[in-house]
Amino acid sequence: MKCGIVIPAAGRGRRMGANVNKQFIPLDGKPILIHTLEKFSRLPWVDEIVIVSHPDEITIMEQLVQQYGIQRVKAIVPGGKERQDSIYNGLTFLETEYVMVHDGARPFVKQTHLEQLWQTVQKIGAVALGVPVKDTIKIVDQDGFIQSTPDRKSLWAIQTPQAFRLSILRMAYEEAKKDRFLGTDDSSLVERLGMKVMVVEGDYHNIKITTPEDLILAESILKHWSEEV
Ligand code: CTP
Ligand code: MG
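Residues numbered from 1 in each chain as written. Chains lettered and ligands numbered in written order. Predicted model: local features only at pLDDT ≥ 70, side-chain atom pairs only at ≥ 80, totals over all residues. Heavy atoms only, no water.

## Details of the overall build of the protein chain
The following threshold applies: Each helix corresponds to a stretch of at least 4 residues labelled H or I by DSSP, and each strand to a stretch of at least 2 residues labelled E; elements are numbered beginning at the N terminus. C-alpha atoms define the radius of gyration in this analysis, and the globule rule sets the expected value at 2.2 Å times the number of residues to the power 0.38. Under the scheme applied here, a residue whose accessible area is under 20% of the maximum for its type counts as buried, over 50% as exposed, and between as partly exposed, the area being computed with a 1.4 Å probe on protein chains only. Residue contacts are counted whenever heavy atoms from the two residues lie within 4.5 Å of one another. For every accessible area listed, the method is Shrake-Rupley and the probe measures 1.4 Å; residues are considered covered only by the protein chains on display.
Looking only at helices and strands, the protein chain has seven helices and 11 strands in total. Over its C-alpha trace the protein chain gives a radius of gyration of 17 Å, about what one expects of a compact globule, namely 17 Å for 229 residues. Once the C-alpha set of the protein chain is aligned to its principal axes, its extents read approximately 50 × 40 × 35 Å. Residues counted as buried form 49% of the 229 residues belonging to the protein chain. Nonlocal contacts in the protein chain, meaning residues at least 24 apart in sequence, comprise 73% of its contacts between residues at least 6 apart. Accessible area for the protein chain stands at about 11800 Å²; split by element, carbon and sulfur atoms hold 51% of it.

So this is what it looks like as structure tokens:
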């Protein structure tokens, strides 16, 4: 069996402050979420796509998937309070050997990086896309004082997709639930079990659309880099 994709899209887009959920905002006339889904639905090794939606938006998502002819959508399922709850639910619908989790709000992931992740996960079992950080990162205490400056050479900003053997990620999600551990990404749930996760170097286009200024950046990425993304 090949690869299943879980697309968490059940957030509320609060930081965007728009009157529709951010993933329905059009970019070049097409909703952000559709740009994202199109990156996966054309890949020969993708067998199943599960979209995790806010319960109130399942019907809209179904309509959009049909309208834009997105292939291989196995299910559109309700999400939960946190991103982690949404993905936990999405994972139960897959029957593939591998899984990639990718934010609905990241429409610019490149095909070459998806291929690299797919090759790597089949060898290693756990891999995330990331980029070296550009800024100097400081550890700052509660009182606002700098505690330390980690060496930038070893600091990476981690993105999605993150890809895993499905059995590994399911186990990691079960353990996190049991321990009431809430992580900010999928990899951290696997890391805490002592398993190794590799990083594939991606690029700075693969932004998560979060706040209004990201929309300006997104329009610009589409305009200047449309052949690549
Ligand atoms: N997500 C989800 N379920 C949640 C929360 C988030 O599926 N309970 C999804 C979002 O839809 C998004 C991705 O996880 O595609 C990354 O989350 P984020 O960028 O934080 O999106 P939102 O939670 O929608 O935005 P905000 O935090 O500003 O409300
Ligand atoms: Mg959020």
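## Describing the site of ligand 1
Rule in force here: We call a residue near a given molecule or strand whenever any one of its heavy atoms falls within 4 Å of it. Identification of polar contacts relies on pairs of N or O atoms within 3.5 Å, with a donor-acceptor requirement for protein atoms, meaning one able to donate a hydrogen and the other able to accept it, and with residues adjacent in sequence counted only if both atoms are side-chain atoms. With a 1 Å grid laid over protein atoms only, a set of points is called a cavity when a 1.4 Å probe fits there but cannot get out and a pocket when it is open yet has protein on both sides within 12 Å along at least five of seven lines; lining residues have an atom within 4 Å of a point. For a cavity or pocket, the test is whether more than half of a molecule's atoms lie within 2 Å of its grid points; if they do, the molecule sits there.
Among the 19 residues in the neighbourhood of ligand 1, the closest are listed as G13, R14, R15, S86 and K208. The separation between an oxygen atom of ligand 1 and a polar main-chain atom of G104 is 3.4 Å. Backbone polar atom of A105 to an oxygen atom of ligand 1: 3.5 Å apart, as the coordinates give it. Starting from 560 Å² of accessible surface for ligand 1 in isolation, the protein chains cover 88%. Because more than half of its atoms lie within 2 Å of the grid, ligand 1 is assigned to the largest pocket. At the level of secondary structure, the elements contributing two or more residues to the shell around ligand 1 comprise strand 1 (3-9) and helix 3 (83-91).

## Thoughts on unusual backbone geometry
Residue P161 is bonded to the preceding T160 through a cis peptide linkage, with omega at 5°. With respect to the helices, strands and loops of the structure, P161 is situated in strand 10 (residues 156-165). Even without being glycine, R72 reaches a positive phi, approximately 70°. Looking at the secondary structure, you find R72 in the loop between helix 2 (58-67) and strand 5 (73-78). In the Ramachandran plot, R180 falls in the positive-phi region, its phi being about 50° despite a non-glycine side chain. Along the chain, the position of R180 falls in the loop between helix 5 (166-178) and helix 6 (186-191).

## Some points on the UniProt feature "site: Positions MEP for the nucleophilic attack" (unreviewed entry) in the protein chain
Worth spelling out the cut-off: UniProt positions are given in the numbering used here, feature names are shortened, and annotations may be inferred rather than shown by experiment.
According to UniProt, the "site: Positions MEP for the nucleophilic attack" (unreviewed entry) feature falls on R152 and K208. Set against the largest pocket, the annotated residues named above that line it are K208. Checked against the element boundaries, R152 lands in the loop between strand 9 (146-148) and strand 10. We classify R152 as partly exposed; its relative accessible area is 41%.

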